[in-house]
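# Observations on chain architecture
Residues per chain are reported as follows:
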Amino acid sequence: MVEIIFNYMSLLRTSEFPNWVFTELEAIAEARFRFAQKKSPGDYVSALAERLALPWSKDRVISGKIRLWKWDEPVVREMLERDLAPEAVVLTLLAKDFSEIGLDDAWLEEPWYKTKYQVFPLDGELIEKV
């Protein structure tokens, strides 16, 4: 399973990003912004106040979370290499029984909800393969 996830990440890093994809996403975002449902005044003001703390220019505070402005492929590639590198990933597996994949080792227990968990680095061989 982990190997499949890393294969998808590797495919994403090596794929082309055609400009038409951004153009279509931009048109969808623009329509979503223009035809958004009205919010209650209190919710709207709270959302605007939260956005004022973000590093956006003042003309983008209202539409900043919805609209798209500029496609910058080098920045996207940099983010993929930095944030989606196998060394930077935190992977969470959920299952009722982990014995099928060989995770029967000692489990730690979270103090509040008594949830059992394990923390371990990913196998170096797997990271090299990815």
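These figures come from a predicted structure and were not determined experimentally.

### Observations concerning the confidence of the model for the protein chain
Low pLDDT means the predicted atomic positions in that stretch should not be read closely. Averaged over the protein chain, the pLDDT score is 83; the fraction of residues at 70 or greater is 92%. Taken element by element, the protein chain is modelled with least confidence in helix 5 (residues 124-129), mean pLDDT 68, and with most confidence in helix 2 (residues 19-34), mean pLDDT 94.

### Overview of a nonpolar patch on the surface
On the surface, a nonpolar cluster with roughly 460 Å² of combined accessible area is contributed by Trp20, Val21, Leu25, Ile28 and Leu68. Of note, Val21 is situated in helix 2.

### Observations regarding the environment of Glu50
Position of Glu50 relative to the elements: it lies in helix 3 (residues 41-52). Spatially, the C-alpha atoms of Glu50 and Val119 are 34 Å apart, while their sequence positions differ by 69 residues.

### Focus on the layout of surface pockets
Estimates place the volume of the second largest pocket at around 280 Å³. Looking at the lining of the second largest pocket residue by residue, the classes come out as five nonpolar, one polar and four charged.

### Examining the pattern of salt bridges
Within the structure shown, the criterion is met by six salt bridges. Its salt-bridge partner being Arg13, residue Glu81 comes within 3.8 Å of it at the nearest N-O pair. Remark: Arg13 occurs in helix 1 (residues 2-14) and Glu81 occurs in helix 4 (residues 73-83); sequence separation between them is 68 residues. We classify Glu81 as partly exposed; its relative accessible area is 49%. The exposure class assigned to Arg13 is buried, which follows from its relative accessible area of 16%. Here Glu78 ties to Arg82 by a salt bridge, and the two come within 3.3 Å at their closest N and O atoms. Linking Glu78 with Arg82, this pair stays in helix 4, spanning four residues, or about one helical turn. With relative accessibility at 47%, the residue Arg82 sits in the partly exposed group. Among the charged side chains, a network of salt bridges with common partners joins Glu78, Arg82 and Asp83.

Scoring rules and cut-offs
- Residues numbered from 1 in each chain as written.
- Predicted model: local features only at pLDDT ≥ 70, side-chain atom pairs only at ≥ 80, totals over all residues.
- Heavy atoms only, no water.
- pLDDT = per-residue confidence, 0-100.
- Helix = DSSP H or I, 4+ residues; strand = E, 2+ residues; numbered from the N terminus.
- Patch = residues over 30% accessible without salt bridge, like charges linked within 9 Å, V, L, I, M, F, W, Y side chains within 5 Å.
- Areas by Shrake-Rupley, 256 points an atom, 1.4 Å probe, with all protein chains shown as cover.
- Salt bridge = Lys/Arg side-chain N within 4 Å of Asp/Glu carboxyl O.
- 1 Å grid on protein atoms, 1.4 Å probe; cavity = no way out; pocket = protein on both sides within 12 Å on 5 of 7 lines; lining within 4 Å.
- Points joined across faces, edges and corners; volume = space filled by probe spheres on them.
- Nonpolar A, V, L, I, M, F, W, Y, C, P; charged D, E, K, R; others polar.
- Buried < 20%, exposed > 50% of the residue type's maximum accessible area, 1.4 Å probe, protein only.

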